[in-house]
Amino acid sequence: MPADRLLNTLLQHYQDVHDDAKSEQILGTTVHLLTHLSNPLNLGVLTSQLLTAPAVWHRPGFDLSHALRVVSLYNSAALRVREDAAEALERKKNKNHLPPPPPPQQRESGGLKPDDWTRAVVQGADDRSPRWRHLLVLTGVLVGFESNERRTLSPSLRGTLQAAVVTAANLALQTHADDGPLAEAAVVLALNYAFPLLSEHHRARLDCGALLPVLLWAVLREEGCDDGLFLRDVARDVTHAVDGAGGRCSWPQHAPSFAALVERDRRPVMSNMGPLAKILAFAVAHAADAHVVMQAQDDLLRFSHRLLDAWAANRLSTVEPAMAAAQLDPDTLQATWPVLWQVLRKMMFAVVATLQAVMARSLLDPRMRQEAVAVDIAAKSLQILRNIYFISSVNGNDAFQVYTFTYLTSLDIICRNGAACEKFLSDCRPVAADSLTVPSAHLQRTLDLYFLNVAEHMPLALTTEAADALIIKPATSYLNFDGPMSPTMVHIFESAHSAVLSVLSCPQHGALTMQLAPFYIVRLFESFPQRMSARQFRVAFKTVMQMVSPPFPIAAQEPLLGETLLEMLLGAIAEAPTAPLAPEDAEAAQAASTESGGVLQSAQSALVLALVDALPFLPLGLVEEWMAVAARTLHAIEDPRLRRPVRERFWDILVNGEMDVERSAMGVAWWGTKGGRELVLGGGSVEVPMMSGALMPTESSKL
């Protein structure tokens with residue numbers, strides 16, 4: 001059938017609503033005609049009629065995927081027009097060298113050049129149809145001709161088409177409330193495809209103040225994350241299956257909520273969450289009104305609260321991801337559990353990307369940089385990160401630059417204001433802190449871990465009373481924990497130590513340091529090596545020794561405290577196990593690299609290393625005495641493999657600049673003239689270069 005007659009038939013079919021099969025046939029015919037019509041006026045009429053056709057826009061079950069079919073139609077047609085133009089050009093170039101193809105191989109086309117075809121299609125986007133539909137058509141044309149570095153259109157027309165896309169988007173954003181939710185989502189998805197193809201000049205013309213709330217609505221609400229409400233549907237299908245292992249959570253593949261989750265993950269918004277997050281960040285950075293940006297952060301905060309509440313109501317929140325194999329049945333572990341976390345990660349990345357843009361703008365925008373406003377923005381950001389920490393704390397999900405920038409920038413800003421720090425810690429304080437008990441629920445422990453990580457950065461901004469109530473007491477409940485140590489509890493235990501040390505190391509909290517240091521050191525010795533790594537023990541002991549030594553005020557008030565702690569360390573060394581620690585218990589050994597592939601440590605050698613680490617912080621009158629004690633203690637380590645790293649660390653302390661000038665001079669004198677070299681190297685097997693035939697040196701003369 002000739003293209004003109006087929007056009008008349010198609011336009012008649014446009015006026016009625018059809019079933020899905022007939023609707024798909026109509027769309028296929030539309031693509032055919034878009035590439036075969038040779039009259040630009042007919043192309044304009046076809047586009048104009050399509051944009052108002054009941055057969056396209058009123059078909060049963062019309063949703064976002066059907067709206068995006070319009071983008072696909074014009075994308076496919078543009079690709080075909082481009083290919084036809086390229087083939088025609090190739091035939092023209094080679095007409096004198098190559099024979100023409102046989103008639104069956106010849107392909108009919110409209111014969112219009114890409115520029116002429118584009119102008120004809122754009123003419124059809126007239127005032128009879130809403131602007132959001134225009135945007136779908138223009139986006140399809142732009143993607144078909146210009147994506148993947150194709151550069152089909154002339155530079156002037158390319159710029160005109162980009163400007164038309166931006167104009168259509170801005171006009172659609174002005175009327176989105178009247179056009180309805182589907183139109184809003186369609187605008188968002190069309191811009192998602194067009195945005196990478198827009199020049200910087202045309203991107204800057206987007207009305208980001210109107211775009212930002214529409215983008216957030218699409219990402220966070222029904223078409224996207226659905227405010228996390230899908231987790232409540234999942235909760236209804238999760239059961240606790242009793243088996244030989246005692247009981248595991250089960251969420252089978254045949255559950256309706258799993259099918260709904262898979263379908264949600266395939267929806268246009270969820271499947272494009274990464275690119276949409278980039279547009280969100282752009283809109284935050286370029287919105288003219290700072291209040292729109294702050295409102296966007298409030299929307300993120302409300303969403304994160306709803307998401308956390310929905311997860312807390314789900315039995316799967318009791319499962320510790322690192323122990324999922326023991327707490328989930330095999331079907332859940334292998335099939336449904338990974339899909340759930342894939343969706344949750346997408347949601348987290350979108351939230352963090354938007355939040356990062358908010359924090360970056362708060363550093364530059366004069367209206368957001370004001371002290372009261374900036375601190376409030378930082379507190380909200382930390383609250384949002386807390387609410388999604390059940391996602392970001394799993395499998396290193398927080399180990400990317402955008403998250404780190406958002407987290408640390410928020411901390412830097414809020415720590416300028418002591419009242420804001422106190423309020424934040426009060427709002428997030430663990431509920432069991434007063435009773436000094438550890439919650440049994442995994443989700444609550446996760447939130448407490450986030451609290452301790454944040455609290456570690458805030459002691460300098462707090463009063464001593466607030467530091468005691470808001471950091472020391474919550475951390476103490478975990479330091480006193482003597483139950484089984486799951487992977488999460490190991491992280492919390494380390495964070496509790498870090499939080500306590502951060503308080504004790506602040507000069508203004510000297511009274512608290514004097515009161516807590518003995519208790520803390522006792523707890524430190526009790527925790528190692530069963531609950532604490534060698535690396536962490538050494539850091540903790542070194543920090544405490546620094547706090548109780550000059551020039552800290554506590555050294556003047558309790559001059560014997562430092563030496564008392566060293567005596568306690570000597571007693572622990574005498575009773576410490578000498579067997580090498582497992583690799584996971586010797587993190588410092590893992591980081592080192594030697595010919596044998598790693599440095600071994602025992603509990604005994606780790607304690608001796610802690611003694612050596614403390615030498616740069618001793619009062620001047622005790623330096624030589626305790627250097628000698630440390631040297632003698634070194635030789636209590638019988639295994640040469642364990643003794644060698646301690647000897648090397650001793651030498652490193654003397655030469656690497658850790659000691660100040662006075663202590664360094666004392667160390668040199670002790671090593672050279674007061675027997676230090678003999679004490680450290682005595683009993684060792686240190687090889688030194690020598691001439692052939694020379695006498696073997698004695699142990700005391702080795703260097």
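Computed from a prediction, not measured in an experiment: that's the story for all the values here.

The next thing to look at is the domain arrangement of the protein chain. Annotation of the protein chain at the domain level lists domain 1 (1-91 + 112-197) and domain 2 (207-416). One C-alpha centre belongs to domain 1, the other to domain 2, and the line joining them spans 34 Å. Summed over both partners, the interface of domain 1 with domain 2 comes to about 1,400 Å²; 80% of that surface belongs to carbon and sulfur atoms. Counting across the domain 1 and domain 2 interface gives zero salt bridges. If you look at where domain 1 meets domain 2, you find two residue pairs in polar contact (both at pLDDT 80 or more). Broken down by secondary-structure element, the contributors of at least two residues to the side of domain 1 that touches domain 2 are helix 5 (64-93), helix 8 (155-174) and helix 10 (181-194). Top element by residues in the side of domain 1 that touches domain 2 is helix 10. It accounts for eight residues. Its residues placed into classes, the side of domain 1 that touches domain 2 shows 10 nonpolar, three polar and one charged.

What follows concerns the packing of aromatic side chains. A full pass over the atoms with the stated rule returns 19 aromatic pairs. Taking 5.0 Å as the distance between ring centres and 70 degrees as the angle between the ring planes, the aromatic pair formed by F195 and F282 counts as edge-to-face. Taken together, the residues F195 in the loop between helix 10 and helix 11 (200-203) and F282 in helix 16 (residues 273-286) connect sequence positions 87 residues apart. Taken individually, F195 and F282 each receive the classification buried, so the pair is uniform in this respect. An aromatic cluster is present here, built from F349, Y389, F400, Y403, Y407 and Y450 joined pairwise through their rings. The cationic tip of R133 hangs over the ring face of W57; the distance from NZ or CZ to the ring centre is 4.4 Å. Above the ring of F195, the side-chain terminus of R203 is found at 4.2 Å from the ring centroid.

Conventions adopted
Residues numbered from 1 in each chain as written. Predicted model: local features only at pLDDT ≥ 70, side-chain atom pairs only at ≥ 80, totals over all residues. Heavy atoms only, no water. Domains from an automatic or database assignment. Buried area = accessible area lost by both parts, 1.4 Å probe. Salt bridge = Lys/Arg side-chain N within 4 Å of Asp/Glu carboxyl O. Polar contact = N/O pair within 3.5 Å; in protein donor to acceptor, adjacent residues only side chain to side chain. Helix = DSSP H or I, 4+ residues; strand = E, 2+ residues; numbered from the N terminus. Nonpolar A, V, L, I, M, F, W, Y, C, P; charged D, E, K, R; others polar. Phe/Tyr/Trp six-rings, centres within 6.5 Å; stacked < 30°, edge-to-face > 60°. Buried < 20%, exposed > 50% of the residue type's maximum accessible area, 1.4 Å probe, protein only. Lys NZ or Arg CZ within 6 Å of the ring centre and 35° of its normal.

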